[in-house]
Amino acid sequence: MNDSSWGAPPQAGYWGPTDHGHGQGHVQGSGHGHVQGAAPTGPAYDAYEAPQTRPMPIVPDVTAFGGNQDDDRGAARLSGPPVRNDTNPEPMPDAPHPAPKPPKKSAGRDLSAAIGVGVGLGAVIVASLFVVKAVFVGVVAVAVVVGLWELTTRLEERKGIRAPLVPLALGGAAMVVAGYVRGAEGAWVAMALTALAVLVWRMTEPPEGYLRDVTAGVFAAFYVPFLATFVAMMLTADDGPERVLTFLLLTVVSDTGAYAVGWRFGRHKLAPRISPGKTREGLLGAVSFAMVAGALCTQFLIDDGAWWQGLVLGLAVAVTATLGDLGESMIKRDLGIKDMGTLLPGHGGIMDRLDSLLPTAPVVWLLLVLFVGSG
């Protein structure tokens, strides 16, 4: 119904039953009340003379919202389909849809927090390294104890493996100190005593799972504190702080090169079943960055070092750091976790930072001994 029918003679536009037996017809809203329809018999139907059987429904004068609306804002209902103002339909224009933005690459971590924590840890390590050597040994021992706590906690949570933490923590700290004081011989003795302590400590509990628990305990003792003793052994040389700094710098540079090149150019997966984020391009970046940094470090930091020795050292660090990272990824994938802990924002746990350092330490210690001696 359009607005021209409002105020017309009695009930114009409504077809009701009549005494002439006419059927229903179609109203053409002309403004004059003229009706065109089809009747089977009798004279033409006169809308003005038709008997009124029910009142014309009152339709509120409400403007339709944007054309053919079928809600209570712009359509009045009789007993059938809605009556609309179709004289000048104005379809709603389609709302413009913004073009979808391409997804951005993400590292998957809070980069600002990771950088802040990394800088803070680096400052503590460098300060302790060049002020008092014993303080740095204490820092390594604390890192070892926290790493053992994270590892044993995850093993128990995810696998039900109860590696005894107390003998591991005490033996691990003693192992680092023994490596600094007595060298490799002291480290091996401390490792053997720690393994024995794990076997005895676990005997105080029921025998179920004994072999599984002590095996995990001996593995943890070797993986975390024993490998960390090589960092303490580097420190015993005359240029010990420089050797440790070279070891740390090369490992960090290798990880940074792998991240930067892999994030930007990585296309081919290195080990998709172990760590889907690592690429072959990232490994090449790690090798390139580490070799350049190694040449600079051995030339300017290591006594009697040569740049070509740094190239070899950098290549070895890139390989061992990558293998260490993959090894840690294997453990976490087996446990069904992403990180070993949440102690370091943007990094995860202590073990998530030690994964590249631990297997790299004995390799750097050995190569530096071969190149420039142990003094």
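Owing to the predicted nature of the structure, the values given are computational and were not obtained by experimental measurement. (Residues numbered from 1 in each chain as written. Predicted model: local features only at pLDDT ≥ 70, side-chain atom pairs only at ≥ 80, totals over all residues. Heavy atoms only, no water.)

Engineer: Explain the confidence of the model for the protein chain here, please?
Structural biologist: Detailed conclusions should not be drawn from predicted coordinates in areas where pLDDT is low. The predicted model of the protein chain averages 79 in pLDDT, with 69% of residues at 70 or higher. This model gives residues 1-54 a pLDDT under 50, and the stretch forms 46 contacts once residues within four places in sequence are excluded. Here residues 62-83 is modelled with pLDDT under 50, and outside its nearest four sequence neighbours on either side it reaches 29 contacts, counting other chains as well. (pLDDT = per-residue confidence, 0-100. Contact = heavy atoms within 4.5 Å.)

Engineer: Please clarify how the packing of helix α5 (residues 240-265) against helix α6 (residues 280-300) should be interpreted in this entry.
Structural biologist: A pair of packed helices is characterised by two quantities: the angle between their axes and the separation of those axes. It is at 7 Å that the axes of α5 and α6 come closest, and there the two elements cross at 145°. Considering the relative orientation of α5 and α6, their crossing is right-handed. Here T246, L249, L250, V253, S254, G257, A258, V261, G262 and F265 of α5 lie close against α6, whose contacting residues are E281, G282, G285, A286, F289, A290, A293, G294 and C297. By residue class, the composition of the contact of α5 with α6 is eleven nonpolar, seven polar and one charged. (Axes fitted to C-alpha atoms, helices over the stretch in contact; angles between N-to-C directions. Helix = DSSP H or I, 4+ residues; strand = E, 2+ residues; numbered from the N terminus. Left-handed = near helix turned anticlockwise from the far one by under 90°. Nonpolar A, V, L, I, M, F, W, Y, C, P; charged D, E, K, R; others polar.)

Engineer: What is the right way to look at the packing of aromatic side chains in this model?
Structural biologist: Aromatic ring pairs are reported here in terms of the distance separating the ring centres and the angle at which the planes meet. A complete count under the given rule lists six aromatic pairs for this structure. For the ring pair W308 and F371, a centre distance of 5.7 Å and an interplane angle of 70° mean the geometry is edge-to-face. Of this pair, W308 sits in helix α7 (residues 307-335) while F371 sits in helix α9 (residues 357-372), and the two are 63 residues apart along the sequence. On the basis of relative accessibility, which here comes to 24%, the residue F371 falls in the partly exposed class. Linked through ring pairs, W188, F222, F226, F230 and W365 together constitute an aromatic cluster. The ring of F265 carries R264 above its face, with NZ or CZ at 5.2 Å from the centroid. (Phe/Tyr/Trp six-rings, centres within 6.5 Å; stacked < 30°, edge-to-face > 60°. Buried < 20%, exposed > 50% of the residue type's maximum accessible area, 1.4 Å probe, protein only. Lys NZ or Arg CZ within 6 Å of the ring centre and 35° of its normal.)

Engineer: Help me understand the packing of helix α3 (residues 165-202) against helix α4 (residues 210-234) in this model?
Structural biologist: For the pair α3 and α4, interaxial distance at closest approach is 9 Å and the crossing angle is 170°. Between α3 and α4, the interaxial angle falls into the category roughly antiparallel. Here the residues of the contact of α3 with α4 are counted per class, giving 21 nonpolar, six polar and two charged. (Parallel < 35°, antiparallel > 145°, perpendicular 65-115°, else oblique.)

Engineer: Hey, could you run me through the side chain of T320 in this one?
Structural biologist: Along the chain, T320 falls in helix α7. Once you skip the residues sitting within four places of it in the chain, T320 turns out to touch P359, T360 and V363.

Engineer: How do you make sense of α6 when you look at a structure like this?
Structural biologist: Because each turn of an α-helix spans 3.6 residues, side chains separated by three or four positions in sequence point in the same direction. A rise of 1.5 Å per residue sets the reference length of α6, with its 21 residues, at 30 Å; its end C-alpha atoms lie 30 Å apart and thus fit the reference within 8%. On its buried side, α6 packs onto α5, β4 (275-279) and α7. (Expected span 1.5 Å × (residues − 1).)

Engineer: Explain the environment of I350 here, please?
Structural biologist: Note that I350 resides in helix α8 (residues 350-354). Spatially, the C-alpha atoms of I350 and V146 are 6.9 Å apart, while their sequence positions differ by 204 residues. Sequence-distant contacts of I350, defined by excluding residues within four places in its chain, comprise A143, V146, G147, E150, L343 and L344.

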